[in-house]
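Secondary and tertiary structure notes
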Amino acid sequence: MRTTRIRWTVVLLILCLLGAHTALSAGLEARLDRTRISENETVTLMLRDDGSLGEAPDLAPLQQDFDVLSQGRSTRMQMHNGRTESWHEWQLLLAPKRTGKLTVPALQLGAAVSQPLTLEVVAAAQAAAGDAPGPVMLEVEVSDPQPYVQGKVIYTVRVLTQVQLRQPQLSDPAGNELLKERLGEDRQYETSRNGQRYRVVERRYAIFPQRSGELRIAAPTLTAQVREPRKQQRPQRDRLFDGRDPFADIDRFFGSTPFDDMDSLFGRTRTLRMRGNEIILEVQPQPAGTPTPWLPAESVALNETWSPDPPRFRAGEPVTRIIAITAQGVSAAQLPDLATPDVAGIQQYPDKPRLQTRVDGDTLVAQKITGAALVPSRAGEYTLPAVELHWWDTQQNRARTTRLPERTIEVEPAAAGAAAPAPPPLPQPAPRAQPEPSPGDAGHCGQSVAPGAGGAYSQPTGFWPWLTAVFALAWLI
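Residues numbered from 1 in each chain as written. Predicted model: local features only at pLDDT ≥ 70, side-chain atom pairs only at ≥ 80, totals over all residues. Heavy atoms only, no water.

Take the overall build of the chain next. The helix and strand inventory of the chain stands at 6 helices and 30 strands. Burial status across the chain gives 31% buried among its 477 residues. Residue pairs in contact within the chain that sit at least 24 positions apart in sequence constitute 70% of those at least 6 positions apart. Carbon and sulfur atoms make up 53% of the accessible area of the chain, which totals about 29,900 Å². (Helix = DSSP H or I, 4+ residues; strand = E, 2+ residues; numbered from the N terminus. Buried < 20%, exposed > 50% of the residue type's maximum accessible area, 1.4 Å probe, protein only. Contact = heavy atoms within 4.5 Å. Areas by Shrake-Rupley, 256 points an atom, 1.4 Å probe, with all protein chains shown as cover.)

Have a look at this one:
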C-alpha cells in the first residue's frame, strides 16, 4: 500500500512539473534591441514563443506611439543535451511617433501576454549635444510663409548625408486644400554645415494653397537603409552564431570578411527614419475689391493668331482665331476662361481649350489655348471687342489687366455660287462592333470551334460515317 502511494506521489509530481513547464513555455517573451534611441532612429521589437502558438500577435496597441514599418516571422530549432527545442520569433521594426519615455505595451498572442517595455526617445538635438551634426539631416523651407490664397509657394526639401543611403524614400508634401507641382528633377551638390561636408539631394515643389487662414504642410519623412558601424556588427554575428564568430580569423588576416556586402544576412544595415519640420502657412485672402476670377501670378500675357494668316474674311467662310493665355507662377488649372462677347452677324464656334504646364527654373509656366471658328453671315464691316483678363501681380502686389485691343474687320461678299455655311458637324458615336459570323454562316468555311475557344462545339463533318463503320465491323466480328 505504501509503495502504491509513493508511486502515485511521484506521478503527480511529474505531472505538476510538466504543467509548470508548459505554463512557463507558453509565455510570450518580448525584448528591444535598444532602450534609448534618437527620434530619427528605429528600434526592433523581438517577440518569442515556444512554438505552440500558431497565430500572429495583435499589434493594435502599438499604433498609439509607434509606426510598424515592417515585420517578419521565423521558426528556430536548437539541440541541447539531446533535446530538441523549437520556437517562433517575430521581429517588428518600430518608428516612434514622439519623444519622451514611451511604453511598448503588452501584446497578446493567443492566451499568452508579453510584459510591457520602456523605451526612451530623445530629440535629435539632445542626442547630438556636444557632438558634430549627425551623418544624415533633413531640411525644409518655403519661399513665402504668408502667400495669397492660390498664390505660388516654393517648398524645398534637402537631404544632407555623409553616409550612403540605400533604398531612400522621401514623402511628398501633404496637407488639406493645397495643390502641388514637382519642379523638375532632384538637384545634387555638396555643401558644408558646421565645418562638416555633406552630399545634398534637393527636391522642390510649387505649392498653391486653396483657402485663406492657417494651413499646415505635414513634415516630410525620409526612410532609408544605412550601414551599421563595424563595432555594432560583431554583436549581431555573435548572436547569430551563439557567441562564436566563424569569420574572426578571416577578419584578423584580411581586415574584412569576403561577405561584407551581404548586409542583409548579417543584419549590417538598419532602417533610418527621419522627419523634417512641419510648415505652417498664414495664407492671406483675396484683397477686397479685386475682380473675380482671382488669378495671382508673376506675369500674364495674351496673344492671338489666325488661320489663315493674315486672315481674309468672306461671307459664309470660316476663319479660325486662336487666343493663348500664358502666365508664370501658376498652374494651367488656375487659368480662367476668356469672355468673348457675341458679335451680331458673326457666328462663333469655340473649340475645347488645351492646357499645359511646364517647369522653367524656379517657377511654372502655364498656358491655355482656345480656338474659335468665326463665320460671318454677310459682307460688311465688323468690330471684334477687346479681350481682357484681370489678375493680381504677386511681384508688385497690385491688381493689373492684360488685354487684346478691339479689332475692325472687313468681310467680303460670298463667292459666286457658294452655298450657305453649314453648322459644324455634331460628334458621331463610335461605330458599334459587329459580331463575328458563326461557323455555320454563309461565306465561311465549315470549321469546328474547339471547346473553351469562345464558340459552340460542333462535330466534324466526316465523323458519323467513320463511327458507323466501326459499329458495323464490331458486329461482324
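When a strand is regular, its side chains alternate between the sheet's two faces. With burial as the criterion, only one face of strand S1 (residues 29–32) is covered, namely that bearing Ala30 and Leu32; the residues Glu29 and Arg31 on the opposite face remain uncovered. Pairing of S1 with strand S3 (residues 43–49), which is carried by 4 bridges, proceeds in the antiparallel orientation. Paired with Ala30 across the strands is Leu47, a residue of S3. (Pairing = 2+ DSSP bridges.)

Turning our eyes to something else, we now look at the pairing of strand S9 (residues 117–122). Judged from the 3 bridges that link them, strand S2 (residues 36–38) and S9 form a sheet pairing that is parallel. Looking across to S9, one finds that Arg36 is bridged to Glu120. Direction of pairing for strand S6 (residues 100–104) relative to S9: antiparallel, over a ladder of 5 bridges. When the sheet's bridge partners are listed, Thr103 is paired in S9 with Thr118.

A few words on the sheet that holds strand S12 (residues 166–170). Across a sheet, paired strands are connected by hydrogen bonds in the backbone, their directions being either parallel or antiparallel. Strand order in the open sheet made by the 3 strands is S12-S17-S18, with antiparallel pairing throughout. The open sheet has two edge strands with one neighbour each: S12 and strand S18 (269–275). Ignoring strand direction, the axes of neighbouring strands in this sheet form an average angle of 20°. Sheet topology note: the strand S17 (residues 221–227)/S18 ladder contains 7 bridges and is antiparallel. Counterpart to Leu222 in the pairing with S18 is Met274. (Axes fitted to C-alpha atoms, helices over the stretch in contact; angles between N-to-C directions.)

So, on to the confidence of the model for the chain. Across the chain, the average pLDDT comes to 76, with 68% of residues at 70 or higher. Looking at the elements of the chain, mean pLDDT is at its lowest for helix H4 (residues 248–254), recorded as 38, and at its highest for strand S23 (residues 319–328), recorded as 96. pLDDT under 50 marks residues 14–25. Its contacts with residues more than four places away, or in other chains, come to 1 contact. Across residues 423–465, confidence stays below pLDDT 50; counting only partners more than four residues off in sequence or on other chains, it has 13 contacts. (pLDDT = per-residue confidence, 0-100.)

This part covers the packing of aromatic side chains. For the structure on display, the rule yields 5 aromatic pairs. Here Tyr155 and Tyr205 contribute two aromatic rings whose centre-to-centre distance is 6.3 Å and whose plane-to-plane angle is 65°, an arrangement assigned as edge-to-face. Within this pair, whereas Tyr155 is found in strand S11 (residues 153–161), its partner Tyr205 is found in strand S15 (residues 196–209), the two being separated by 50 residues in sequence. Both residues of the pair, Tyr155 and Tyr205, count as buried. Centroid distance Trp306 to Phe313: 5.6 Å. Interplanar angle 85°. Geometry classified as edge-to-face. Accessibility assignment for this pair places Trp306 and Phe313 in one class, buried. Members of the aromatic cluster, joined through ring pairs, are Tyr148, Trp294 and Trp392. (Phe/Tyr/Trp six-rings, centres within 6.5 Å; stacked < 30°, edge-to-face > 60°.)

Turning our eyes to something else, we now look at the nonpolar core. Membership of the largest hydrophobic core comes to 26 residues, with the highest contact counts inside it found for Tyr155, Leu165, Ile207, Ile217 and Leu222. Elements with a contribution of two residues or more to this core: strand S10 (136–142), S11, S15, strand S16 (213–217), S17, S18 and strand S19 (279–283). Looking at this core element by element, the count peaks at 4 residues for S11. Apart from the residues lying within four places of it in its own chain, the contact partners of Leu165 are Val136, Val159, Leu222, Ala224, Gln225 and Val226. (Core = buried A, V, L, I, M, F, W, Y, C linked by side-chain atoms within 4.5 Å.)

Here we take up the pattern of salt bridges. The tally for this structure, following the rule as stated, stands at 27 salt bridges. Ionic pairing is found between Asp67 and Arg273, a salt bridge with its closest N-O pair at 2.7 Å. One end of the pair, Asp67, is in strand S4 (residues 66–80); the other, Arg273, is in strand S18, and 206 residues separate them in sequence. By relative accessible area, which is 21% here, Asp67 ends up partly exposed. (Salt bridge = Lys/Arg side-chain N within 4 Å of Asp/Glu carboxyl O.)

Of the consecutive residues Thr292 and Pro293, the connecting peptide bond is found in the cis state with omega at 10°. Tracing the backbone through its elements, the reader meets Pro293 in the loop between S19 and strand S20 (296–297). Asp309 connects to Pro310 through a cis peptide bond whose omega is 0°. Relative to the helices and strands, Pro310 resides in the loop between strand S21 (299–307) and strand S22 (313–314). One non-glycine residue, Glu177, adopts positive backbone phi at about 60°. With a phi angle near 55°, Asn397 is a residue other than glycine that sits in the positive phi range.

Another aspect to go through is the sheet that holds S2. One open sheet accounts for 3 strands, arranged S2-S9-S6; its pairing is mixed. Of all the strands in the sheet, just S2 and S6 have a single pairing partner and so form its edges. Within the sheet, the average angular offset between the axes of one strand and its neighbour, ignoring direction, is 30°.

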